[in-house]
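# Working through the structure, step by step
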Amino acid sequence: MSVRSRVRSRPLSPHLQIYRLTIPMVMSIAHRLTGVALYLGTLVVTWWLIALASNANSYAVFQDFLGSWLGRIILFGYIWALFHHMLGGIRHLLWDIGLWIDLPAASRLAWATLIGSTGLTVAAWIAGQSLRAVLP
Amino acid sequence: MTGMRTPRHRARGLGAARSGTAHFWMQRVTAIANIPLTLLFLALLIALIGSDYGVARAYVANPFVAIILVLLVISGAFHMRIGMQVIIEDYIHSLPVKMICLAGNTLFSAMIGVVCIYGVLRVGLGS
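Residues numbered from 1 in each chain as written. Chains lettered and ligands numbered in written order. Predicted model: local features only at pLDDT ≥ 70, side-chain atom pairs only at ≥ 80, totals over all residues. Heavy atoms only, no water.

### Describing the interface of chain B and chain A
- Contact residues are listed per partner, giving 39 residues for chain B and 31 residues for chain A.
- With both sides pooled, the region where chain B packs onto chain A buries about 3100 Å², and carbon together with sulfur makes up 78% of that total.
- For chain B, the biggest contributors to the area lost against chain A are Ile46(B), Ile49(B) and Tyr53(B); these three give 19% of the whole.
- Along the contact surface separating chain B from chain A lie 2 salt bridges.
- Here Asp96(A) and Arg28(B) are joined by a salt bridge, their closest N and O atoms 2.7 Å apart.
- Between chain B and chain A we count 9 residue pairs in polar contact (both at pLDDT 80 or more) in total.
- For the side of chain B that touches chain A, the secondary structure elements donating two or more residues are helix H2 (22-48), helix H3 (53-61), helix H4 (63-91) and helix H5 (95-124) of chain B.
- Considering each element in turn, the side of chain B that touches chain A owes the most residues, 12 residues, to H2(B).
- Grouping the amino acids of the side of chain B that touches chain A by side-chain chemistry returns 27 nonpolar, 7 polar and 5 charged. (Contact = heavy atoms within 4.5 Å. Buried area = accessible area lost by both parts, 1.4 Å probe. Salt bridge = Lys/Arg side-chain N within 4 Å of Asp/Glu carboxyl O. Polar contact = N/O pair within 3.5 Å; in protein donor to acceptor, adjacent residues only side chain to side chain. Helix = DSSP H or I, 4+ residues; strand = E, 2+ residues; numbered from the N terminus. Nonpolar A, V, L, I, M, F, W, Y, C, P; charged D, E, K, R; others polar.)

### Quick look at the side chain of His79(B)
- Note that His79(B) resides in helix H4.
- On the basis of relative accessible area, His79(B) is assigned to the buried category, the value being 15%.
- With sequence-adjacent residues up to four places away left out, His79(B) is seen in contact with His85(A), Gln27(B), Thr30(B), Ala31(B) and Asn34(B). (Buried < 20%, exposed > 50% of the residue type's maximum accessible area, 1.4 Å probe, protein only.)

### Quick notes on the packing of helix H3 (residues 56-67) of chain A against helix H4 (residues 69-96) of chain A
All names here are of chain A.
- Orientation of H3 relative to H4, taken along the N-to-C sense of each, is 80 degrees, at an axis distance of 4 Å. Put simply, H3 runs roughly perpendicular to H4. Residues Phe-65, Leu-66 and Gly-67 of H3 lie in contact with H4, whose contacting residues are Trp-69, Leu-70, Gly-71, Arg-72, Ile-74 and Leu-75.
- Within the contact of H3 with H4, the residues separate by chemical class into 6 nonpolar, 2 polar and 1 charged. (Axes fitted to C-alpha atoms, helices over the stretch in contact; angles between N-to-C directions. Parallel < 35°, antiparallel > 145°, perpendicular 65-115°, else oblique.)

If you want it as structure tokens, here you go:
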């Protein structure tokens, strides 16, 4: 083997700084991040169930937290993460059976998870708020 | 070369891998289960907004709601454990740290699952 062939340049991976972000990439990262958020969010669900199993006082403390601005942001974010991870998961299941795996379809599906999850979250939020207004 | 391998090794058919597609498949099965269960959970959340302690307890004490919640907790705990395991295996390369994280992940998921089920059962079975 000559020296020349050993120093021949090898193919380079795409460079992170000059790599254009595409929507399937961003939604792939978002799928993982929402997974982590839901993982940590189970602590709030656990708090809710334990407060419910304990007594009215503990439940009031939990409700005060969820009614606060921080609580509302966490709840809204949690519901969005649920919808986003659910739609992203359905996308993965479709790919598993070989559907819409070509590039244009994958991009459309990625947009659908973003728009769909945001739309569903707003719809769920409005449904909750209007129910609250109607109920005594 | 195959002479070096035990019949059991050949029967498992995994070659040099330590495990097969069980986790992949479990992730899909729990994912499918989570879809209807999560939608029902969200419907419960919407129904519970602004309701007081007694009403909330009555909802969760309903057998249908309690069973849905227990199913969601079981499916969700397995799903989140596998998902976090994949993330740990992807990003943590130091073996000791990885082992600690993997054990912590299993313990956290099991704890969340058991505590949630305990809460639902305590409300559902009335105590």
